[in-house]
Amino acid sequence: MSESDDVRTRLQQMRGQAEDLEKAAEKATDPAERQRLEDEAHRLESRSVQFSGMASGDIYPMQ
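Presented here is a report on the structure given in the accompanying data block. (Residues numbered from 1 in each chain as written. Predicted model: local features only at pLDDT ≥ 70, side-chain atom pairs only at ≥ 80, totals over all residues. Heavy atoms only, no water.)

### As for the overall build of the protein
Counting its secondary structure elements, the protein contains two helices and zero strands. Within the protein, the fraction of its 63 residues that count as buried is 17%. In the protein, 48% of the contacts between residues at least 6 apart in sequence involve partners at least 24 apart. Carbon and sulfur atoms make up 50% of the accessible area of the protein, which totals about 4900 Å². (Helix = DSSP H or I, 4+ residues; strand = E, 2+ residues; numbered from the N terminus. Buried < 20%, exposed > 50% of the residue type's maximum accessible area, 1.4 Å probe, protein only. Contact = heavy atoms within 4.5 Å. Areas by Shrake-Rupley, 256 points an atom, 1.4 Å probe, with all protein chains shown as cover.)

Next comes the structure, spelled out in structure tokens:
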């Protein structure tokens, strides 16, 4: 497996985890738990975007 395959696999995992957290947040009945899950999903999405940018050679992290 090449480095680019590793990066692609890692990005897919991060995005999949974020999607799973968003689905769990939609089903959560406790507002605090829903917010926690949504926040974690957003953090993962943000990290995946930043990771993708770095992997593509973009030297400036997204803000």
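### A short note on helix α2 (residues 31-55)
An α-helical turn contains 3.6 residues, so any two residues separated by three or four positions project in the same direction. An ideal rise of 1.5 Å per residue puts 36 Å on 25 residues; α2 measures up with 36 Å between its terminal C-alpha atoms. Buried within α2 we find Leu37, Ala41, Leu44, Ser48 and Gly53. (Expected span 1.5 Å × (residues − 1).)

### Focus on the environment of Gln12
Of note, Gln12 is situated in helix α1 (residues 3-27). Taking the C-alpha atoms as reference points, Gln12 and Ser48, 36 residues apart in sequence, are found 8.7 Å from one another.

### Observations regarding the pattern of salt bridges
Evaluation of the coordinates by the stated rule reveals four salt bridges. One salt bridge connects Asp5 with Arg8, and the closest N-O pair in it is separated by 3.0 Å. Remark: Arg8 and Asp5 occur in helix α1; sequence separation between them is three residues, near one turn of the helix. Across the pair Glu40 and Arg43 runs a salt bridge, and its minimum N-O distance is 3.0 Å. With Glu40 and Arg43 both in helix α2 and three residues apart, this pair spans about one turn of that helix. (Salt bridge = Lys/Arg side-chain N within 4 Å of Asp/Glu carboxyl O.)

Honestly, that's just the spatial picture; any functional story needs more than this.
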